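# A structural walkthrough
Chain by chain, the residues:
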Amino acid sequence: MYILVTGGAGYIGSHTVVELINHGYKVVIADNLYNSSFDAVARIEFIVKQHVPFFNVDIRDKEQLSKIFETYEISSVIHFAALKAVGESTKIPLKYYDNNVNGTIKLLEVMDQYNVKNIVFSSSATVYGDVTRFGDNSMIPIPEHCPNDPTNPYGKTKYVIENILHDVYNSDNKWKTAILRYFNPIGAHPSGLIGEDPLGIPQNLLPYLAQVAIGRRDKLSIFGNDYNSHDGTPIRDYIHVIDLAKGHIAALEYLHNLQNDQGLFREWNLGSGKGSTVFDVYHAFCKVVGRELPHEVVGRRDGDVLDLTANPKRANEELKWKTHLTIDDACKDLWKWTVDNPSGYNIDNYSWKALSANDLSNRSHTIKVDDTFKVSIMNLGATIQNVTYKDAPVALGFVTEQEYKNQSFYIGATVGRYANRISEAEKLKLSVNENGNTLHGGKFGFDKKDFLGPVVKRNKKENSTTLEFYLLDPHLENGFPGDLGTLVKYTIASGSIEIEYESELLGKADETFLNLTNHSYWNISTGSSIDGTKIKMATNKALEVDSKSLLPTGKIVDREVTGFAKGSAGIDTCFVLEQQSVQSVDTRSNELQTVLEATHPDSKVKLVVQTTEPSFQLYTADHLDVPGKFGPRGGFCVESGRYIDAINQESWKKSVILPKGETYGSKTKYAFESV
Ligand code: NAD
Ligand code: WQD
């Protein structure tokens, strides 16, 4: 059974989805991305290390909404989807009523049709209106029985929806309805991967202050210091978004624990019960940032009131929920989110496109560094799909996902769990090919897997962009022992792609073995063949292999390569850098060493390959054959990694064995320049 989360790509929704999954729930997200980005969903998946089904639908579209209920068995709905800007709602009230109220009606109709009658609804403290109207402080902190009197169209939509839900419950007592009235949610996920990313000028205090701190806004305006508080600024009940997200789990569990036929309509305040002034929050955030942030006290903002502090007793007692995190925690997490993502989910030079209409989890991600260099990488196989240097393609790649699925040449793909050959694979209980070997990780290798992510970040100082993909490869996949988590990080800068691998054994075995590489076919000529490419190598030492089995004899021999002349013999050889140890499972502390330079006299393009790895397979693709697309000698591969079949050679073995608690790692860089 799944929990449907409407608005799950948004600020509070995304944090709640993470908490739901951490608590063992299965989740489907429905969001029209009106005020959010699919990158938030990719990052949710990255945090929880699993795929989360996502539907790009408007909740007012009953037909599309029904498809979700047809596809997944939904037990309950957490309903976040709404427009939420108070000021905007006074300008375009009809849009607010249509989206929020009409949207909820459609959602309830579809839920009813599929007999799903559990709902947790995002309401707001704004339904209480100005509680100072009672004059005697009898309603501060605010209890749930405080009469409602919202003062703006946004608040009124929440008030109307609460009433609709009440009427629905009155008409059919099977409905179990939790109304959660949030106070002021702040903060972000401590990973810094998800957070609040307001469109345009932020209206709320902390998002605005964060943008001042990161240099996007000049100064904070403090709206009035003549209120009756300890420092003259208004009092609010700020609550960390993670605590708020957990409140949804508590409410959901409360509903699930009711007897089957026992319905419910009940409101709960989600707040800390502690009020803080604008200056309290301002000082807490400045402390985290480490400096006084520019600010100015200006006149009061229309509609602001002195005090909105929750009385959270009902939620504390009934839901067994209370806040645990402080304003300081929220400021720290908000600052990490801001520093790591100074423009939120929006990254300069980055765009993506979906590779299949209904599934945004497999996309092609393009970084256009500048006019000379553009790289596209896809989720399938964390594959390098396109590289263009000075408007000419320098790597082989396809357009559609199907083309990748139809071929067996690992074009551009991440190769794992074990690049190159493993002999006597049967003994190791691996899936074997016709020669009794395992090649490039077997039938369901990394090249066939949809990686999660990417998390895309921009490093302005270095003028680079990083894309991080993640794959959790399960125990015994292709016979390999242990659950293996692998991070593939691409750093794209002007003219260069650096690839970093990092793997960890997550369970089900005490050790495993692996060898990761990238299988891009480079072609820096002006035509469809690599003929004429000149090569300069940092080594002429190569592993001798048996001509039949292609497996190493254990001997190192001399082999010189200076280029790929037309008609010359093909190369498929593992070159070794003897100065690099073959004892280390994580080579990332080694310097990146130049191992090969390729140039082509026609294009005058040079490719420089650097790696921290002890060896690389140089392959001239003499067997490449994709009809109508790529033929023999259409590209060459420089596959950095560990020695071929190291797992079966006593003296090389250590480099491919990953014990639990240790980390596998490597770095390789491909850089292009004009000569
Ligand atoms: P948000 O804008 O970040 O998230 C709302 C999400 O709903 C967005 O991803 C948006 O794209 C989506 N959405 C909007 N209309 C939709 C539609 N018709 N169909 C499908 N998706 C749609 O806002 P948030 O801060 O995460 O707020 C979530 C909920 O909590 C809202 O209902 C809001 O009113 C309520 N709330 C928020 C606050 C606050 O201060 N953030 C306080 C109290 C209550
Ligand atoms: C907090 C305090 C401002 C910005 C709003 C909605 C409410 C709920 C939560 C959805 C106030 C002061 C702010 C600035 C400032 N949302 N401030 N300078 O108004 O308490 O609540 O968000 O349901 O419905 O109304 O939150 O963050 O806007 O303001 O001095 O630039 O910060 O005056 O005292 P608010 P907020």
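Residues numbered from 1 in each chain as written. Chains lettered and ligands numbered in written order. Predicted model: local features only at pLDDT ≥ 70, side-chain atom pairs only at ≥ 80, totals over all residues. Heavy atoms only, no water.

Quick reminder of the rule: UniProt positions are given in the numbering used here, feature names are shortened, and annotations may be inferred rather than shown by experiment.
Labelled according to an unreviewed UniProt entry, the chain appears under the name Bifunctional protein Gal10p, originating from [Candida] railenensis. Under the UniProt heading Catalytic activity (unreviewed entry), the entry covering the chain gives this text: "UDP-alpha-D-glucose = UDP-alpha-D-galactose".

### What to know about helix 8 (residues 241-256)
Here is the rule: Strands are runs of DSSP state E lasting at least 2 residues, helices are runs of H or I lasting at least 4, and numbering of each runs from the N terminus. Multiplying 1.5 Å by the helix residue count minus one yields the expected span of that helix. Residue burial is assigned from relative accessible area. The probe radius is 1.4 Å, only protein chains are included, and a residue is buried under 20% of its type maximum, exposed over 50%, and partly exposed in between.
A rise of 1.5 Å per residue sets the reference length of helix 8, with its 16 residues, at 22 Å; its end C-alpha atoms lie 23 Å apart and thus fit the reference within 8%. Of all 16 residues in helix 8, twelve are buried, a share of seventy percent or more. Turning to helix 8, its buried residues number three or more, namely Val241, Ile242, Asp243, Leu244, Ala245, Gly247, His248, Ile249, Ala250, Ala251, Leu252 and Leu255.

### Overview of the site of ligand 2
For clarity, the threshold we go by: Proximity is defined per residue: if any heavy atom of the residue lies within 4 Å of a molecule or strand, that residue is considered near it. Each accessible area is a Shrake-Rupley estimate made with a 1.4 Å probe; only the visible protein chains count as cover when residues are assessed. Note that Gly is not counted as nonpolar here; it falls among the polar residues with everything else outside the nonpolar set of Ala, Val, Leu, Ile, Met, Phe, Trp, Tyr, Cys and Pro and the charged set of Asp, Glu, Lys and Arg.
Taken together, 18 residues lie around ligand 2, and Ser124, Tyr154, Ser221, Arg236 and Asp304 are the ones closest in. In isolation ligand 2 offers 690 Å² of accessible surface; the protein chains occlude 87% of this area. Top contributing element to the shell around ligand 2 by residue count: strand 8 (residues 220-223), with four residues. Each residue belonging to the shell around ligand 2 can be placed in one class, and the counts come to nine nonpolar, six polar and three charged.

### Some details on the packing of aromatic side chains
Any pair of aromatic rings gets described here by the distance separating the centres and the angle formed by the planes. Quick reminder of the rule: To pair, rings of Phe, Tyr and Trp, with the six-membered ring standing in for Trp, must have centres within 6.5 Å; the planes then decide the type, stacked if under 30 degrees apart, edge-to-face if over 60, and tilted in the middle. Our definition puts a charge over a ring when NZ of Lys or CZ of Arg is within 6 Å of the ring centre and also within 35 degrees of the ring normal.
Overall, the coordinates contain 26 aromatic pairs when judged by the stated rule. One aromatic cluster is present, formed by Phe373, Tyr389, Trp522, Tyr670 and Phe672 through successive ring pairs. Lying over the aromatic face of Tyr470, Lys49 brings its terminal NZ or CZ to 4.4 Å of the ring centre. The ring of Tyr227 has Arg300 sitting right over it, with the charged end atom 3.8 Å from the ring centre.

### Here we look at the pairing of strand 16 (residues 359-368)
Put simply, the test is: At least two bridges found by DSSP between two strands are what make those strands a pair.
Taken across its ten residues, strand 16 has eight buried, putting it largely inside the fold. Pairing analysis gives six bridges linking strand 15 (residues 350-356) to strand 16, with the strands arranged antiparallel. Bridge assignment links Lys353 to a residue of strand 16, and that residue is Ser364. What sits between the antiparallel neighbours strand 15 and strand 16 is a turn of two residues. In this structure, strand 16 lies alongside strand 17 (residues 373-378), joined through five bridges in antiparallel fashion. Along strand 17, the bridge assignment pairs Thr366 with Ser376. Hairpin geometry of strand 16 and strand 17 is characterised by an intervening segment of four residues between the two adjacent antiparallel strands.

### Details of the UniProt feature "domain: NAD(P)-binding" (unreviewed entry) in the chain
Under the present numbering, the feature "domain: NAD(P)-binding" (unreviewed entry) in UniProt falls on residues 4-333. With 39% helix and 17% strand, the stretch residues 4-333 has end C-alpha atoms that lie 27 Å from each other.

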